[in-house]
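Architecture at a glance
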Amino acid sequence: MIALVFAVLVAVLMGTATYLLLQRSPIRMVLGLGLFTHAVNMLIFGTSVSDRGQPPVLLDKAAFDGDISQFVDPLPQALILTAIVISFGIAAFIIALLHRRHTLDMSGENCTDRVDDPFALEPRAELDAVEEDYEWLEDVVLLRRQEQQARESRK
Amino acid sequence: MNVNANWLAAPVVLPLMAAAVSLLVSTRVTPKQTRIQRNVAILAAAGNLLVALFLLWLTAGGDQRIVLQVGLWPAPFGITLVADAFSAIMLTLTGLLMLCLVVFASGTLDERQGLNFYPLLLFLLMGVNGAFVAGDLFNLYVFFEVLLMASFVLLSLGGRPAQVNGGLRYVLLNLLASTVFLATTGVVYGTLGTLNLAHLAERMDAAPDWLRIVIAGMLLVAYGSKAGIFPLFFWLPASYHTPHPAVTAIFGGLLTKVGIYALFRIYPLLFPDLLVEWQPLILTIAALTMLVGVFGAMAVKTIRRVLSFHVISQVGYMVMGLGLALSGNQLAAGFGMAAGIFYIVHHMIVKTALLMAGGAAELTMGTGRLEKGYLGGLVKRSPVLAGVFFVAAFSLAGIPPSSGFISKLGLLQIALDAQQWWIAGISLLVSLLTLMSMIRLWQKGFAGPQEDVVAPLRRPNLRLTVAPIALLVTASLAIGVFSGPFFEWSSVAARQVLDRQGYIRAVAPTDQILPIGEQSH
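In this text, all values refer to a predicted model and were calculated from it rather than measured experimentally. Sequence order as written defines the numbering, with residues in each chain counted from 1. Just so you know, chain letters begin at A and ligand numbers begin at 1, following the order they were written in. In keeping with the predicted nature of the model, local features appear solely for residues at pLDDT of at least 70, side-chain atom pairs appear and are counted solely at 80 or more, and the whole-chain, interface and lining totals rest on all residues. No hydrogens and no water enter the side-chain calculation; it runs on all heavy atoms of the structure.

Brief notes about the environment of B:R505
Residue and element names in this part refer to chain B. The residue R505 is located in helix α21 (residues 500-507) in this model. For each residue, the accessible area found with a 1.4 Å probe, counting protein chains only, is set against the maximum for its type, and the residue is called buried under 20%, exposed over 50%, and partly exposed in between. The class for R505 is exposed, based on a relative accessible area of 62%. It is 20 Å that separates the C-alpha atoms of R505 and W7, two residues lying 498 residues apart in sequence. Every helix listed is a DSSP run of H or I at least four residues long, and every strand listed is a run of E at least two residues long, numbered separately from the N terminus.

Right, dumping it as structure tokens:
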């Protein structure tokens, strides 16, 4: 019975996550990814055979007869803990990237992407994409020139 | 020979420690800090290469696997690290590439770009090394994530718009692939009750067919999207051309190969019969990957974009090796696997050299655009750089006596032997198209006059830049000329990968606990 509840829960979470991931707004995509990892975590949790009911803790060591068939499997919780930490870190990184992207958009320079469209570029941006590859080089050139000018003005 | 298995932890621990130490000086941004970080990275990369060579020397005979049960927990309960000849070969190559890359990066990065580059590189090294020695599915997942996290940051280091755009695609799609991988580990644990690879290999034979197909399919999707195989490759050309050339070089040489390594490790161990049953599927994927990569390379117009697409087409050849791993009439079964491993070795060396040389050309000329004569004249300007690019490019295309020729020949031989004429034909066609693409790069990028000077740039330090490329190119030529012993070596590794019973015996999972499903339902 509990297994069925878990299965339904995982299915609903995955469905919602897929729907959100297919949206164009980056925030929804982040939420979708969060739900997706939650769904997978629930899936792993569902493997711990929780309908056995007993926590895997020995209260009375002397009375224990070696029968472990009623214990819930504790390993999935360790797996989930690791997975949560990893997905949390990556979610934070994605949000930082989105924030960076947002500030780039606000500055109105160099970035011709639309904010609400993480994958498709505007046609113009597609044309500019090749130029964009070398922005970092041009930045270096600009920096050098500025340094040179600063040096000359000091003289 | 009796060896202390704790050596196996060194490829993971050493880069981690070095990265942690070099992060200590990351508080202030000065050239001095970057220099300290670089020196630590050089030391760590050299030490890592030595450890890898030691492990290679131990396992090269092909009859020994080094197994470390971390914390002395017996096999299915604790973390298991395993190294056989294949792992050791991959570890050695990774160490070599990483050392070359640190030197290359110190010649091309300036102080501002170099900030915290080296610690991230060391974290990447830790993840890659860990994936090569991981002995269970969940640790494989964790090490994948470690290397991905480092690669996310490396890719977007600098934070330019193109990098942020490319980085977002890369992060989202790789995170989805990792989540599929995690879901697979959930399914595996829920149904078979274990995650240890040797233990899984024992239990997989008794598992019902539908379950094995589900697991194999999910793993193919998860590893395939890391490796960049046909329908799942699109994150690669969207992002690989955006970061600094040094980053592109190590990504192109290492990261997709970790996915390929996982496929080469897991499939023969867990689903040897599916390798035969699914052969048409795997070969179709291989053919489409090759074709898409090589046609994509023709359509794009900068050096690094062209080379990124060639990463994909080359991955197709490796998948072809996997598809033919167990077939063979005249040749022994396992020849395909050996050809695939040999191809990985060749590809990692040559691709990194090529991406380094292309990146150095971009830096020297200020642009990588192939049209309108932006590039050109590099033959006169720095003939050594042009020379190493030439050799690397023609090794990639498969011209003798380079390693590319031998590795393609091996794959062709097994394809003809297994009477898969069509895949042999496609691989030849793709070879030809690769050669054309390389000639185009050469003509537009290096030979001929330069018509339009884009930006007079600080030149990269040519000695530091060319030396690692020359070393890698020499290695490629050496592998091509002395192909006999090298191919014998990959045959030994292939035999060991295919030897499931040996793997199970070496890891020796001990428990008698039944799969969970059988107990409670």
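Let's talk about the environment of B:I414
Residues and elements named next belong to chain B. Within the secondary structure, I414 is located in helix α17 (residues 403-417). Separated by 79 residues in the primary sequence, I414 and F335 have C-alpha atoms spaced 6.8 Å apart. Residues contacting I414, with those up to four places away along its chain left out, are L324, S327, G328, L331, F335 and G336. Whether two residues are in contact is decided by their heavy atoms, any of which lying within 4.5 Å being enough.

Overview of the nonpolar core
Note on terminology: a nonpolar core comprises buried Ala, Val, Leu, Ile, Met, Phe, Trp, Tyr and Cys residues joined through side-chain atoms within 4.5 Å. Core analysis: the biggest nonpolar cluster contains 216 residues, and A:I94, B:F117, B:Y223, B:F251 and B:F271 have the highest contact counts within it. Those residues in contact with B:Y223, other than ones at most four positions away along the chain, are B:L137, B:L140, B:F144, B:F181, B:G259, B:A262, B:L263 and B:I266.

Examining the packing of aromatic side chains
Stacked, edge-to-face and tilted labels apply to pairs of Phe, Tyr and Trp rings (six-membered ring for Trp) whose centres lie within 6.5 Å, assigned for plane angles under 30 degrees, over 60, and everything in between, in that order. Under the criterion given, the structure shown has 27 aromatic pairs over all chains. Geometrically, the ring pair formed by B:F152 and B:Y170 is edge-to-face, given 5.7 Å between the ring centres and 85° between the ring planes. Here the residue B:F152 occupies a position in helix α5 (residues 137-155), and B:Y170 occupies one in helix α6 (residues 161-192), the gap between them amounting to 18 residues. A relative accessible area of 1% places B:Y170 in the buried class. Judged by centre distance (6.2 Å) and plane angle (40°), the ring pair of B:F486 and B:W489 falls under tilted. In this pair, B:F486 and B:W489 are both assigned in helix α20 (residues 483-498), three residues apart and thus about one turn of the helix distant. In textbook terms, an aromatic cluster arises when at least three aromatic residues are bridged by ring pairs, as seen for A:F93, B:F152, B:Y170, B:W235, B:Y240 and B:F251. In this scheme, the term charge over a ring applies when either NZ of a lysine or CZ of an arginine sits within 6 Å of the ring centre and within 35 degrees of the ring normal. When the ring centre of B:Y317 is taken as origin, the NZ or CZ atom of B:K408, which lies over that ring, is 5.0 Å away.

Things to note about the pattern of salt bridges
All names here are of chain B. One speaks of a salt bridge when a side-chain nitrogen belonging to Lys or Arg is within 4 Å of a carboxyl oxygen belonging to Asp or Glu. One pass over the structure, following the stated rule, counts six salt bridges over all chains. With a closest N to O distance of 2.8 Å, R265 and D84 form a salt bridge. Of this pair, R265 sits in helix α10 (residues 245-270) while D84 sits in the loop between β2 (80-83) and α3 (85-108); the two residues are 181 residues apart in sequence, bridging distant segments of the chain. Taking relative accessible area as the criterion, D84 reaches 1% and is therefore assigned buried. Measuring nitrogen to oxygen at the nearest pair gives 3.5 Å for the salt bridge that ties R500 to D205. One end of the pair, R500, is in helix α21; the other, D205, is in the loop between α7 (197-204) and α8 (209-227), and 295 residues separate them in sequence. Since its relative accessible area comes to 13%, R500 is described here as buried. Within this structure, D209, R212 and D273 form a network of salt bridges that share partners.

Brief notes about empty space enclosed by the protein
All names here are of chain B. Grid spacing is 1 Å over the protein atoms alone, the probe is 1.4 Å, and a cavity is where that probe fits but cannot get out, while a pocket is an open set with protein on both sides within 12 Å along at least five of seven lines and lining residues have an atom within 4 Å of a point. Grid points are joined across faces, edges and corners, and a volume is the space filled by probe spheres set on the points. For the structure shown, the criterion picks out four cavities of 30 Å³ or more. When its volume is computed, the second largest cavity comes out at roughly 60 Å³. For the second largest cavity, the full set of lining residues is F144, L147, L148, Y170, N174, K226, W235, L255, T256 and V258. Each residue is assigned to one class: nonpolar for Ala, Val, Leu, Ile, Met, Phe, Trp, Tyr, Cys and Pro, charged for Asp, Glu, Lys and Arg, and polar for all the others, Gly among them. Classifying every residue of the lining of the second largest cavity by side-chain character gives seven nonpolar, two polar and one charged.

What about unusual backbone geometry?
All names here are of chain B. Of the consecutive residues P400 and P401, the connecting peptide bond is found in the cis state with omega at 5°. Note that P401 resides in the loop between α16 (383-397) and α17. Phi at L72 is positive, roughly 60°, even though this residue is not glycine. Even without glycine at this site, Q419 takes up a positive phi of about 60°. Looking at where Q419 falls in the secondary structure, it is placed in the loop between α17 and α18 (421-445).

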